[in-house]
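Single-letter residue listing:
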Amino acid sequence: MDEVMAEEEEDDSTNDETGDRNRTTDVEDVWGGNQTTDGGDGNLTTDGGGGNRTTGGGDGNLTTDGGGGNWTTDGGDGNRTTDGGDGNWTTDGGDGNRTTDGGGGNLTTDESQSTRTRKFRRRNRLPKKREDVHEVDVASAKVDTADCSERVDDVTPHKWNHATAGPPRPILPIEPMSRLFSRRHLAAAAAVRRSPAAAAFASRWLHTPAFATVSPEEISGSSPAEVHNFVQGKWIKAANWNWIVDPLNGDKFIKVAEIQGVSHVWRYICKAARVLGQPEVLDFFAKLVQRVAPKSYQQALAEVQVTQKFLENFCGDQVRFLARSFAVPGNHLGQMSNGYRWPYGPVAIITPFNFPLEIPLLQLMGALYMGNKPVLKVDSKVSIVMEQMIRLLHDCGLPAEDVDFINSDGITMNKLLLEANPKMTLFTGSSRVAEKLAADLQGRIKLEDAGFDWKILGPDVQEVDYISWVCDQDAYACSGQKCSAQSMLFMHKNWSASGLLEKMKGLSERRKLEDLTIGPVLTVTTASMKEHTSNLLKIPGSKVLFGGEPLENHSIPEVYGAFKPTAVFVPLVEILKSDNFELVTKEIFGPFQVVTEYADDQLELVLEALERMNAHLTAAVVSNDPLFLQEVLGRSVNGTTYAGIRARTTGAPQNHWFGPAGDPRGAGIGTPEAIKLVWSCHREIIYDIGPLPKKWALPSAT
């Protein structure tokens, strides 16, 4: 299959398919397996039949002749020369060329002087490096790629483009991928003739998007996927591989190449939105998300759909409007003050595992929209999703040099940030790491860190079935692994007689591992959740409402968590005690929530608890009582707060601001306001061109 996905070509900057080296092709009966080509001198010339690829050409060209189902080649001096038979790939060539001779079904190679370097690249070639880009050298980052298995010895020092004012930079065209389809179809047709199992495999690959290098259904311990880095316009591997453990069965199923050491984008956004909106592409990414961050298909698909809608929102001239400036008249003729949204230049993006596509892509595109040059680092457990997305963007026209994508451990990434010194870093993840980075980077950071998110049910009881369903979704969808998940429920005592808790218990018991409505918890172990439950039960008056036990009959490895949806009741007065507050408000990034109850005269205690919490990300005030809403909303600060009888804490679409409040470092995502806040700064340019007053005279010293 690697032969289907890649081509072998000389590492020669003059190896273009332009000018005298054009390729003229007539493809007949592709599904029959025949590929017939004829071209002039200096061209790739092919004639084939009977299901074999047979080629004949002149001096200086790739020359091939074959039959009987074998790939047999013979060519002149200075060219790759091959002769073979009996199903073997056998090669013989002259000085300066790669020379191979083999038999018996084995590939045997003998290399002479100046042996040609063999390199595989994607069939869909990336555009060459543009020469008209003003760049800032950050070679001081000292990212060690010397041990990469691809050719990186000829890579120039790493550079990040610094956004500059000036005429739009041209977007270079991307070569069509018809040849990829031809080779994939030929391979599939051959597989169909071999065996039913091979036919099923080929069918899955034929229904995999053209940009993809993996098939979600095929990734397994016996057929692991690889995740590469994209640096300086090239996909590269590394000598160091980090194996990712399958959350469902513990097999090593993805290996990530980790480094050791340290535009004008709107023209391709519409195409990317169209491609991502195709049903087969939506399905591809939904299943790939499921494979690495297990969640229900509906949840995974919703993530992809939100991402696709985000791209649609910024088609056409919407990106231009993000940088809309303003002007204010000055104090005299010729003076005008102009305000601009100005890019930072080199920036870094670090994103977590729980939304492998939505969070990194929305922040990446926001950085590009505002004219920055980003380097992206996604949690290695799920980085395969963004690797495939970047390939899609390249296929749609993203210039290769506009984005760098790297995989590394946390220590290496921290070192890179310190040495490369990006002008701004966006971090989404845990509060502990966020605070460390804020200190290390001297405040040049925006944060969307942990959220201990609350929901208040007001005194007006209504729509109990609906409210219980939303509570279940907010607390336990994606196994509670959302930074917006409902962590604490403040329930007015009027709800006690409504049967709300019983309905919530029944809904939680519908969740099954088989459909991933409950599943592996990737950052909290089962033992940790059991310990936290035991600690809460030591508080007087606390009790388990439902759950509190590990999942049964599963193969989830111990490095991950497997816990039933859990709710623990803790009395409000006990929560506020200094000995208990930190324990009760500890975020458990899993299917876990704390429930408490309040009376009319205890609303002040609820508001006190909200004020003492540190994370102010999302919240919900479930009530249609305007005076109650006014009181709670006026005395709380969470950045994304839903209010009304349909209020929720999770499920913010692309058109809602999503981010914390109350912290000057707080980052948003998705909306124009979020993009401008995070990925640009304000710059004022005051034009003062005169003329001078007619009777101006040199004033006295002041």
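Quick summary incoming for the structure in this document. (Residues numbered from 1 in each chain as written. Predicted model: local features only at pLDDT ≥ 70, side-chain atom pairs only at ≥ 80, totals over all residues. Heavy atoms only, no water.)

**Side note on the overall build of the protein**
To keep it simple, the criterion reads: Note on conventions: DSSP H or I runs of at least 4 residues are helices, E runs of at least 2 residues are strands, and numbering of each starts at the N terminus. For every residue, the accessible area (1.4 Å probe, protein chains only) is compared with the maximum for its type, and the residue is labelled buried under 20%, exposed over 50%, or partly exposed between those bounds.
Secondary structure assignment for the protein yields 19 helices and 26 strands. In the protein, buried positions account for 52% of the 702 residues.

**Focus: unusual backbone geometry**
Note that the residue after G690, namely P691, is joined by a cis bond; omega there is 10 degrees. Relative to the elements of secondary structure, P691 occurs in the segment after β26 (681-688). You will see that N421, though not glycine, has its phi angle at about 55 degrees, which is positive. Mapped onto the elements of the fold, N421 is located in the loop between α10 (410-420) and β17 (424-428). Residue N421 is classed as partly exposed on the basis of its relative accessible area, which comes to 35%. A positive phi angle, near 60 degrees, is found at L516, a position not held by glycine. Note that L516 resides in the loop between α13 (500-508) and α14 (526-537).

**Notes on the packing of helix α5 (residues 279-292) against helix α9 (residues 383-396)**
Short version of the rule: Helix axes are fitted to C-alpha atoms over the stretch in contact, other axes to C-alpha atoms as well, and angles between N-to-C directions run from 0 to 180 degrees. With respect to orientation, any angle under 35 degrees is reported as roughly parallel, any angle over 145 as roughly antiparallel, any angle of 65 to 115 as roughly perpendicular, and every other angle as oblique. Contacts: residue pairs with any heavy atoms within 4.5 Å of one another. Gly is put with the polar residues, along with every residue not named as nonpolar or charged; the nonpolar set is Ala, Val, Leu, Ile, Met, Phe, Trp, Tyr, Cys and Pro, and the charged set is Asp, Glu, Lys and Arg.
With their axes 9 Å apart at the nearest point, α5 and α9 run at an angle of 160 degrees to one another. When the axes of α5 and α9 are compared, the pair comes out roughly antiparallel. Of the residues in α9, those touching α5 at V281, F284, F285, L288, V289 and V292 are I384, V385, Q388, M389 and L392. Of the residues assigned to the contact of α5 with α9, the class counts are ten nonpolar, one polar and no charged.

**Focus: helix α17 (residues 603-612)**
The condition is simple: To be clear, the arc concerns the directions from the helix axis to the C-beta atoms.
When α17 is considered as a whole, its buried residues turn out to be L603, V606, L607, A609 and L610. Down the axis of α17, the buried set is contained in an arc of 155 degrees. They therefore lie on one face. On its buried face, α17 sits against β19 (453-457), β20 (486-492), α15 (572-575), α16 (578-584), β23 (592-598) and α18 (626-634).

**A look at the pattern of salt bridges**
Counted only if it meets this: Whenever Lys or Arg places a side-chain nitrogen within 4 Å of a carboxyl oxygen from Asp or Glu, that contact is recorded as a salt bridge.
Summed over all chains, the structure comprises 22 salt bridges. For E226, the salt bridge goes to K237, with nearest N and O atoms at 3.8 Å. Of this pair, E226 sits in strand β7 (residues 225-227) while K237 sits in the loop between β9 (234-236) and β10 (241-245), placing them eleven residues apart in sequence. Under the relative-accessibility criterion, E226 is labelled partly exposed at 27%. A relative accessible area of 23% means that K237 is categorised as partly exposed.

**A few points about α18**
Quick reminder of the rule: Here a polar contact is recorded for every N or O atom pair within 3.5 Å, except that within protein the pair must consist of a potential hydrogen donor and a potential acceptor, and residues adjacent in sequence are included only if both atoms are side-chain atoms.
Those residues of α18 lying buried are F628, L629 and V632. The buried residues of α18 occupy an angular sector of 95 degrees when the element is viewed end-on, so they sit on one face. For α18, the exposed residues set more than 90 degrees away from the buried face come down to P626, L627, Q630 and G634. Structurally, α18 contributes buried residues whose contacts are with β19, β23, α17, β24 (618-622) and β25 (640-643). Between the side-chain oxygen at the start of α18 and the backbone nitrogen of L627 there is a gap of 3.1 Å, and the oxygen is on D625.

**Details of the sheet that holds β24**
Worth spelling out the cut-off: Following DSSP output, two strands are said to pair if at least two bridges run between them.
Pairing within the open sheet is mixed, and its seven strands lie in the order β21-β22-β23-β20-β19-β24-β25. Sheet topology places β21 (543-546) and β25 at the edges, where each strand pairs with a single neighbour. On average, each strand axis in the sheet is tilted by 20 degrees relative to the strand beside it, whichever way the strands run. One ladder, built from five bridges, connects β19 with β20; its direction is parallel.

**Details of the sheet that holds β10**
The pairing of strands in a sheet comes from backbone hydrogen bonds and takes either a parallel or an antiparallel form. As summarised here, the arrangement of the three strands in space is β7-β11-β10, forming an open sheet in which the pairing is mixed. Each edge of the sheet is formed by a strand with only one pairing partner; in this case those strands are β7 and β10. Neighbour-to-neighbour, the strand axes of the sheet open up by a mean angle of 25 degrees, direction not taken into account. By the bridge criterion, five bridges tie β10 to strand β11 (residues 252-257) in an arrangement that is antiparallel. Bridging across to β11, V245 finds its partner in K252. Here α9 sits on the sheet in contact with β7 and β11, set at roughly 75 degrees to β7.

**Quick word on the side chain of T671**
Along the polypeptide, T671 turns up in the loop between β25 and α19 (672-679). Judged by relative accessible area, T671 falls into the buried class, the value being 5%. Dropping the residues within four chain positions of it, T671 is found in contact with Q654, N655, H656 and W657.

**Let's talk about the pairing of β19**
Put simply, the rule is: Viewed with both strands pointing away, a crossover whose connecting path from the first strand over the helix to the second turns clockwise is right-handed.
Where burial is concerned, most of β19 is hidden: five out of the five residues are buried. The alternating pattern of β19 places D453, K455 and L457 on one face and W454 and I456 on the opposite face, and all of these are buried. Taken together, β19, helix α12 (residues 464-476) and β20 constitute a β-α-β crossover, and its handedness is right-handed. Of the pairings in the sheet, the one linking β19 to β24 comprises four bridges and is parallel in character. Looking at β24, one finds that K455 is bridged to A620.

**Some thoughts on the nonpolar core**
Note the threshold: What is meant by a nonpolar core is a set of buried Ala, Val, Leu, Ile, Met, Phe, Trp, Tyr and Cys residues, joined one to another through side-chain atoms within 4.5 Å.
Counting 136 residues, the largest nonpolar core has F285, L311 and F490 as its most contacted members. Setting aside residues no more than four positions away along its own chain, F285 makes contact with F211, L276, V304, L357, V385, Q388, M389 and L392. Core analysis: the next-biggest nonpolar cluster, separate from the first, contains 18 residues, A348, F427, A434 and A438 among them.

**Considering the environment of K373**
Tracing the backbone shows K373 in strand β15 (residues 373-378). The exposure class of K373 is buried, given its relative accessible area of 3%. Counting along the chain gives 30 residues from K373 to P343, while the straight-line C-alpha distance between them is 9.2 Å.

**Notes on the packing of aromatic side chains**
Where two aromatic rings form a pair, the distance of their centres and the angle of their planes describe that pair. Going by this rule: Here a Phe, Tyr or Trp ring, Trp counted by its six-membered ring, pairs with any other such ring whose centre lies within 6.5 Å, and the pair is stacked when the planes are under 30 degrees apart, edge-to-face when over 60, and tilted otherwise. Here, a charge over a ring means that NZ of Lys or CZ of Arg falls within 6 Å of the ring centre while also lying within 35 degrees of the ring normal.
This model, assessed by the stated rule, comprises twelve aromatic pairs. A ring pair is formed by F310 and F314, whose centres lie 5.1 Å apart and whose planes are at 55 degrees; its orientation type is tilted. Residue F310 is classed as buried on the basis of its relative accessible area of 0%. According to the relative accessible area criterion, F314 is buried, its value standing at 4%. Grouped by ring-pair contacts, the aromatic residues F211, F284 and F285 constitute a single cluster. Of note, K255 hangs over the ring of W241, and the distance from its end group to the ring centre comes to 4.7 Å. Cation over ring: R391 sits above W235, and NZ or CZ is 4.0 Å from the ring centre.

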